[in-house]
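An overview of the molecular structure
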Amino acid sequence: LKYLALSNNKFSGTISKSIAHLSNLEYLYLEGNDFSGGIPEQTGELKQLKSANLDGNSFVGKLPKTIGNLQNLEFLSIQDNELSGELPFEMSEMSKLGRYFLFLARVTQSFSPSQMFLFVSFFRSCHQRRSILL
């Protein structure tokens with residue numbers, strides 16, 4: 001399975017950890033439902049994932065650190081959820097994500113000086129390509 005689109009279906013519940021079994025998944029569209037709970041760490045095992053839209057659900061907690069494993073991810077939108085906490089430092093290594101990056105304002109972060117430098121460099125390169133939306 002390469003394409004999973006379940007958008008705007010009023011689905012609820014949590015995302016199963018077995019999502020990791022979708023190893024060939026490239027496009028994941030779950031926006032406009034009522035999924036809840038955290039985004040599973042196993043999402044980071046979707047190494048082929050290029051695009052993920054999780055907008056308009058009820059996800060809570062932090063983004064998992066394993067999200068940094070998604071080196072092919074070009075588009076991520078997680079707006080209109082209840083996510084909070086720190087940005088995973090591992091996201092600073094997601095070079096393809098810079099093309100399109102949508103984020104929500106509720107996530108907060110405390111950075112060490114070296115982490116701040118990496119994130120500023122990452123966001124600056126995205127801005128130079130005019131591809132970041134905050």
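Structure: see above.
Everything in this summary refers to the structure shown in the same document.

Definitions and cut-offs
Residues numbered from 1 in each chain as written. Predicted model: local features only at pLDDT ≥ 70, side-chain atom pairs only at ≥ 80, totals over all residues. Heavy atoms only, no water. Phe/Tyr/Trp six-rings, centres within 6.5 Å; stacked < 30°, edge-to-face > 60°. Helix = DSSP H or I, 4+ residues; strand = E, 2+ residues; numbered from the N terminus. Buried < 20%, exposed > 50% of the residue type's maximum accessible area, 1.4 Å probe, protein only. Contact = heavy atoms within 4.5 Å.

1. Brief notes about the packing of aromatic side chains
- Under the criterion given, the structure shown has 4 aromatic pairs.
- A ring pair is formed by Tyr3 and Tyr27, whose centres lie 5.8 Å apart and whose planes are at 40°; its orientation type is tilted. Residue Tyr3 is found in strand 1 (residues 3–5), and its partner Tyr27 is found in strand 3 (residues 27–29); the two are separated by 24 residues along the sequence.
- Tyr27 gets classed as partly exposed once you look at its relative accessible area, which sits at 28%.
- Taking 6.5 Å as the distance between ring centres and 20° as the angle between the ring planes, the aromatic pair formed by Tyr27 and Tyr29 counts as stacked.
- Among the aromatic residues, those joined into a ring-pair cluster are Tyr3, Tyr27 and Tyr29.

2. A word on the environment of Tyr27
- Taking C-alpha positions, Tyr27 is 9.4 Å from Leu73, a pair spaced 46 residues apart along the chain.
- Apart from residues no more than four positions distant in its own chain, Tyr27 is found in contact with Lys2, Tyr3, Leu4, Leu49, Lys50 and Ser51.

3. Quick look at unusual backbone geometry
- Positive phi is not limited to glycine here, since Lys10 has a value of about 65°.
- Here Lys10 shows up in the loop between strand 1 and strand 2 (12–14).
- At Asp80, a residue that is not glycine, the phi angle is positive and equals roughly 60°.
- Note on placement: Asp80 falls in the loop between strand 7 (75–77) and strand 8 (82–83).
- On the accessibility criterion, Asp80 (59% relative accessible area) is exposed.

4. Some points on the environment of Phe35
- As for its position among the elements, Phe35 is in strand 4 (residues 34–37).
- On the basis of relative accessible area, Phe35 is assigned to the buried category, the value being 8%.
- Sequence spacing of Phe35 and Asn81 is 46 residues, and the spatial spacing of their C-alpha atoms is 9.5 Å.
- Look past the residues within four positions of Phe35 in its chain and what remains in contact with it is Phe11, Ser12, Gly13, Ile15, Leu30, Asn57, Ser58 and Phe59.

By themselves, these observations are geometric and do not establish any function.
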